[in-house]
Amino acid sequence: MGLPATPALTVDCVIYDPQGRVLLIRRKNQPFKGAYALPGGFVDIGETVEAGCRREVREETGLDVGDLRLVGVYSDPSRDPRGHTASAAFLALLPEVKTPTAGDDAAAAEWVDDWRETPLAFDHAQILEQAEKLRGALGEG
């Protein structure tokens, strides 16, 4: 019996530095080429969502993240114009300021003070809003 057609599995990561800034990338490719987005991407076969999240962050920003906290699962069929995806979104808190280096699908990677003033790709504003609540509940913001 073959596997049924299902949404593609992705990950997104909300990363805060100790100053409360969020790490965003500028997308190198369509969809949303040039737009700000959270680091993330597709989970590889044989990979956990946590491992996929750490790999995507490393590939797109050059940074390593430690503990990951689940923000939520985002599965609106229209969240990605390429097709139906389901994303496990995580929160990572860096203990020190680190300088990101853009790579892979990222044209740029930078710390952003006020992401609310920045148009974001996909449903990343919604993910960030939920991550802010989680960060506050953890006593970090």
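In this text, all values refer to a predicted model and were calculated from it rather than measured experimentally. (Residues numbered from 1 in each chain as written. Predicted model: local features only at pLDDT ≥ 70, side-chain atom pairs only at ≥ 80, totals over all residues. Heavy atoms only, no water.)

A cis amide bond, omega 0 degrees, links Gln30 with the succeeding residue Pro31. Position of Pro31 among the secondary structure elements: in the loop between strand S2 (22-27) and strand S3 (36-37). Phi angles above zero are rare outside glycine, and Phe122 is one such case at about 55 degrees. Along the chain, Phe122 turns up in the loop between strand S7 (106-112) and helix H2 (124-137). Exposure remark for Phe122: the relative accessible area of 19% places this residue in the buried category. (Helix = DSSP H or I, 4+ residues; strand = E, 2+ residues; numbered from the N terminus. Buried < 20%, exposed > 50% of the residue type's maximum accessible area, 1.4 Å probe, protein only.)

This brings us to the nonpolar core. One finds Val14, Tyr16, Leu24, Trp115 and Leu128 to be the most contacted residues of the largest nonpolar core, which totals 16 residues. For this core, the secondary structure elements donating two or more residues are strand S1 (8-16), S2, strand S5 (69-74), strand S6 (85-93) and H2. In terms of residues, this core owes the most to one element, H2, which gives 3 residues. The residues contacting Leu128, other than those within four sequence positions of it, are Val14, Tyr16, Val22, Leu24, Leu38, Trp115 and Leu120. One finds Cys13, Ile15, Val57 and Phe90 within the second-largest nonpolar core, a separate group that totals 15 residues. (Core = buried A, V, L, I, M, F, W, Y, C linked by side-chain atoms within 4.5 Å. Contact = heavy atoms within 4.5 Å.)

Scored by pLDDT, the chain comes out at a mean of 94, with 99% of its residues at no less than 70. When the elements of the chain are averaged for pLDDT, S7 gives the smallest value, 94, and S5 the largest, 98. (pLDDT = per-residue confidence, 0-100.)

Tracing the sequence through the fold places Thr85 in strand S6. The exposure class of Thr85 is buried, given its relative accessible area of 3%. Within the structure, Thr85 has its side chain in polar contact with the side chain of Arg79 (distance 2.9 Å). Those residues in contact with Thr85 that sit more than four places away from it in its chain are Pro7, Ala8, Thr10, Phe42, Tyr74, Ser75, Asp76, Arg79 and Asp80. (Polar contact = N/O pair within 3.5 Å; in protein donor to acceptor, adjacent residues only side chain to side chain.)

Further remarks concern the side chain of Arg21. Mapped onto the fold, Arg21 is located in the loop between S1 and S2. Among the polar contacts made by the side chain of Arg21, one reaches the side chain of Asp17 at a distance of 2.7 Å. Polar contacts involving the side chain of Arg21 include one to the side chain of Gln19, which spans 3.3 Å. Once residues within four sequence positions are removed from consideration, Arg21 is found in contact with Ile15, Tyr16, Val97, Trp111, Val112 and Asp113.

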